Amino acid sequence: MSYIKLKSKVLGAISRLSKASLVLAGFAAMAFTVPSAGPAYADTSTPPVPDNIKVPAGNKLFLVGHAVGTQNYVCVSTSTGIRYVLFTPEATLFDEAGEQLSTHYFGPNPDEANTDPRVISAHTIRAAWQDSRDSSTVWGQVKPGHSSNDPAFVEPGAIPWLLVTIIGRQDGPTGGDRLSATTFIQRLNTSGGLAPSTGCTSPEDIGKTAFVPYTTDYYFYKSTGS
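Residues numbered from 1 in each chain as written. Predicted model: local features only at pLDDT ≥ 70, side-chain atom pairs only at ≥ 80, totals over all residues. Heavy atoms only, no water.

Draft legend 1. Molecular detail of the overall build of the protein chain. A count of helical and extended segments in the protein chain gives 2 helices and 9 strands. Listed N to C, the secondary structure of the protein chain is α-α-β-β-β-β-β-β-β-β-β in terms of helices and strands. Relative to its full complement of 226 residues, the protein chain shows a buried share of 47%. Of the roughly 10,800 Å² that the protein chain leaves accessible, carbon and sulfur atoms contribute 55%. (Helix = DSSP H or I, 4+ residues; strand = E, 2+ residues; numbered from the N terminus. Buried < 20%, exposed > 50% of the residue type's maximum accessible area, 1.4 Å probe, protein only. Areas by Shrake-Rupley, 256 points an atom, 1.4 Å probe, with all protein chains shown as cover.)

Draft legend 2. Structural context of the side chain of S136. Tracing the backbone through its elements, the reader meets S136 in the loop between strand 4 (123-131) and strand 5 (137-141). Here D134 takes part through its side chain, which lies 2.7 Å from a polar atom of the side chain of S136. For S136, the side chain forms a polar contact with the main-chain nitrogen of L179, separated by 3.1 Å. Contacts of S136, omitting those with residues within four sequence positions, involve W129, Q130, D131, Q170, D171, G172, G176, D177, R178, L179 and S180. (Polar contact = N/O pair within 3.5 Å; in protein donor to acceptor, adjacent residues only side chain to side chain. Contact = heavy atoms within 4.5 Å.)

Draft legend 3. Inspection of the state of the cysteines at higher detail. A complete count under the given rule lists 1 disulfide for this structure. Note on cysteine connectivity: C75 is disulfide-linked to C200, with sulfurs 2.1 Å apart. Sign of the S-S torsion, about 90° for the bond between C75 and C200, identifies this disulfide as right-handed. With a gap of 125 residues between them, C75 in strand 1 (residues 59-78) and C200 in the loop between strand 8 (182-192) and strand 9 (209-223) connect regions that are remote in the sequence. The class of C75 is buried, set by a relative accessible area of 1%. A residue is classified by how much of its surface remains accessible, and C200, at 7% relative accessible area, is buried. (Disulfide = S-S within 2.5 Å.)

Draft legend 4. Inspection of the pattern of salt bridges at higher detail. Going through the model one piece at a time under the given rule, you end up with 5 salt bridges. Note that R118 and D116 form a salt bridge whose closest N and O atoms lie 2.6 Å from each other. The exposed category is assigned to R118, whose relative accessible area is 66%. (Salt bridge = Lys/Arg side-chain N within 4 Å of Asp/Glu carboxyl O.)

Draft legend 5. Broad picture of unusual backbone geometry. One non-glycine residue, S135, adopts positive backbone phi at about 70°. As for its placement among the helices and strands, S135 is situated in the loop between strand 4 and strand 5. In this structure, N189 is a non-glycine residue whose phi angle is positive, near 55°. By the element assignment, N189 lies in strand 8.

Draft legend 6. Main features of the side chain of T70. By secondary structure assignment, the location of T70 is in strand 1. In this structure T70 comes out as buried when scored by relative accessible area, which is 2%. One polar contact links T70 to N72, side chain to side chain, over a distance of 2.7 Å.

Draft legend 7. Inspection of the environment of E90 at higher detail. Note on placement: E90 falls in strand 2 (residues 81-94). Exposure remark for E90: the relative accessible area of 38% places this residue in the partly exposed category. Taking the C-alpha atoms as reference points, E90 and N72, 18 residues apart in sequence, are found 7.4 Å from one another. A polar atom in the side chain of E90 sits 2.8 Å from the side chain of N72.

Draft legend 8. Up close: the nonpolar core. One finds L93, W129, I185, Y218 and F220 to be the most contacted residues of the largest nonpolar core, which totals 29 residues. If you list the elements that add at least two residues to this core, you get strand 1, strand 2, strand 3 (100-113), strand 4, strand 7 (161-170) and strand 9. Residues contacting Y218, with those up to four places away along its chain left out, are L63, V64, G65, A67, L93, H104, W129, I185, Q186 and R187. (Core = buried A, V, L, I, M, F, W, Y, C linked by side-chain atoms within 4.5 Å.)

Draft legend 9. Molecular detail of the pairing of strand 5. Within strand 5, 5 of the 5 residues are buried, which leaves the element mostly enclosed by the surrounding structure. Neither face of strand 5 is open: one carries T137, W139 and Q141, the other V138 and G140, and all of them are buried. Pairing of strand 4 with strand 5 involves 4 bridges; the strand directions are antiparallel. The partner of Q130 across the bridge, within strand 5, is T137. (Pairing = 2+ DSSP bridges.)

Here's what the structure looks like:
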């Protein structure tokens, strides 16, 4: 099955998802403030990107995943008013042949203790990518300045392009490590995913959720010495 057909099929399935209640809206503040040796799935090059999200020298591309999923928002009261806040993405990454590579979500990073009393977790919540074959997992953070809405690159209505720095990693339960060496991930070629501009303006709206379809490409890098 081609990636285009797969993308269309999965997006159709997403539109039929039940709007199950989810928890921990505080995940967004912590995460985007803002396989063992196997086949090589990396493209030979990355597209042009804004300077502020370029990967530092000393790292090389080793994996590319085409993601289809949703950016999930909840309506909450914040210090700046009532608005939608991202509480988790839910996405599946595929290779060029349409084979599943990994899943993407928010989860507790075992390398960081949680210090935010608003969040019920022993560890800081970060963006996570888990390999679908060996369950190796990495957690990342978008550091200040590593996000771009540059219209020369990012299409209208799309979530930003990002440079994610990996700050946590864990091998799979049987020692699988396909993702464990990851140092950086770029989120590029985004489409959709922005929070709705309506439906979250009054106290009566608090608690509403919105599951917004998006697609993107995730580029995984590791040290040239790996």
